[in-house]
Amino acid sequence: MKRVRLCADDYGLGPAVDRGMLVLARQGRVGALSCLVTTPRWPEAARALRELPAGVALGLHFNLTQGEPLSEALRDHWPRLPGLASLLTQAALRQLPREALVAEWQAQLGAFVDACGRLPQFLDGHQHVHALPGVRELVLDEAQRLDVPVRDTGRVLGPGHALKRRIIERCGGRGLRRALQARGVAHASALLGVYDFDPRADYRRLMRGWLAALPDGALLFCHPALGGPDRDDPVGVARQREAAYLGSAAFADDLAEFGVSLR
């Protein structure tokens, strides 16, 4: 059997997102939740996490692209967080505000600990921002201090969507992977789950391709939601399709067919 951990991203984004993730975690389908702590509803959303099975890992989903910063230092620089395209450009030009990012990290980590009563068990980034130059050094320092794994975006496997996978790898992912290896920071063997969130996509077909391609010890990330979609969620319909499949008998059948066990 090949082992894979299924991680659901964006917990805290909205009621439908949270509901879908909680249901799948209680069902034993999702083994990790990556938490977005910058939303106003985060403290309320975090209370439900206390009732999850003990084996479900909780991580910090470091956010630099959506909503408002938590720290005063970063708000002085960005009253609202920049979109991904702007952040990519500033990272490539080495124009990110280092000291303000440190303050924002501390604020988001503090929000996680205050609400959950414990440190995160892994680290990653909303829209993979943790891999960007100027951000990854901070995240890696913290991963070593906390002794936790970091999501590796340097080896993103198919099927399909090769352009998006290559962009993730080349916009910091490969540099992150080299640094993870050099520092001895724990990370998965590969990352799977990338697609374009087209609401017409056959998510089961995509999943079967990922299950066929994944190596042992890989991480597969997803974005389920139940009900909704949440307000201002551009991928809400795709989230609903993911949740419907991941909670179904068809997913269990596909895991068995490809010899994959969830951990």
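Preceding this paragraph is the structure being described.
Right, let's walk through the structure included here. (Residues numbered from 1 in each chain as written. Predicted model: local features only at pLDDT ≥ 70, side-chain atom pairs only at ≥ 80, totals over all residues. Heavy atoms only, no water.)

1. Concerning the pattern of salt bridges
When the charged atoms of two side chains lie near each other, side chains of opposite charge can form a pair. Scanning the model with the defined rule gives 17 salt bridges in all. The closest approach of N and O atoms between D216 and R3, which form a salt bridge, is 2.9 Å. With D216 in the loop between α8 (203–213) and β6 (218–222) and R3 in strand β1 (residues 2–11), this residue pair connects regions lying 213 residues apart in the sequence. Overall, the relative accessible area of 36% leaves D216 in the partly exposed class. For R3, a relative accessible area of 42% gives the class partly exposed. (Salt bridge = Lys/Arg side-chain N within 4 Å of Asp/Glu carboxyl O. Helix = DSSP H or I, 4+ residues; strand = E, 2+ residues; numbered from the N terminus. Buried < 20%, exposed > 50% of the residue type's maximum accessible area, 1.4 Å probe, protein only.)

2. So, the packing of aromatic side chains
Evaluation of the coordinates by the stated rule reveals nine aromatic pairs. Taking 4.9 Å as the distance between ring centres and 45 degrees as the angle between the ring planes, the aromatic pair formed by Y195 and F197 counts as tilted. (Phe/Tyr/Trp six-rings, centres within 6.5 Å; stacked < 30°, edge-to-face > 60°.)

3. A few points about the packing of helix α6 (residues 136–146) against helix α7 (residues 162–183)
For the pair α6 and α7, interaxial distance at closest approach is 11 Å and the crossing angle is 30 degrees. Accordingly, the angle class assigned to the pair α6 and α7 is roughly parallel. Judged by the twist between their axes, the crossing of α6 over α7 is right-handed. Taken together, the residues of α7 that come into contact with α6 (itself represented by R136, E137, L140, D141 and Q144) are G172, G175, L176, A179, L180 and R183. (Axes fitted to C-alpha atoms, helices over the stretch in contact; angles between N-to-C directions. Parallel < 35°, antiparallel > 145°, perpendicular 65-115°, else oblique. Left-handed = near helix turned anticlockwise from the far one by under 90°. Contact = heavy atoms within 4.5 Å.)

4. Some points on helix α4 (residues 84–92)
Every buried residue belonging to α4 is among L87, Q90 and A91, and all of these are buried. Viewed end-on, α4 has its buried residues packed into an arc of 100 degrees, placing them on one side of the element. Exposed residues lying more than 90 degrees from the buried face of α4 are A85 and A92. Two residues or fewer after α4 comes R94, characterised by a positive phi angle close to 55 degrees. (Arc of directions from axis to C-beta.)

Keep in mind these numbers describe shape, not what the thing actually does.
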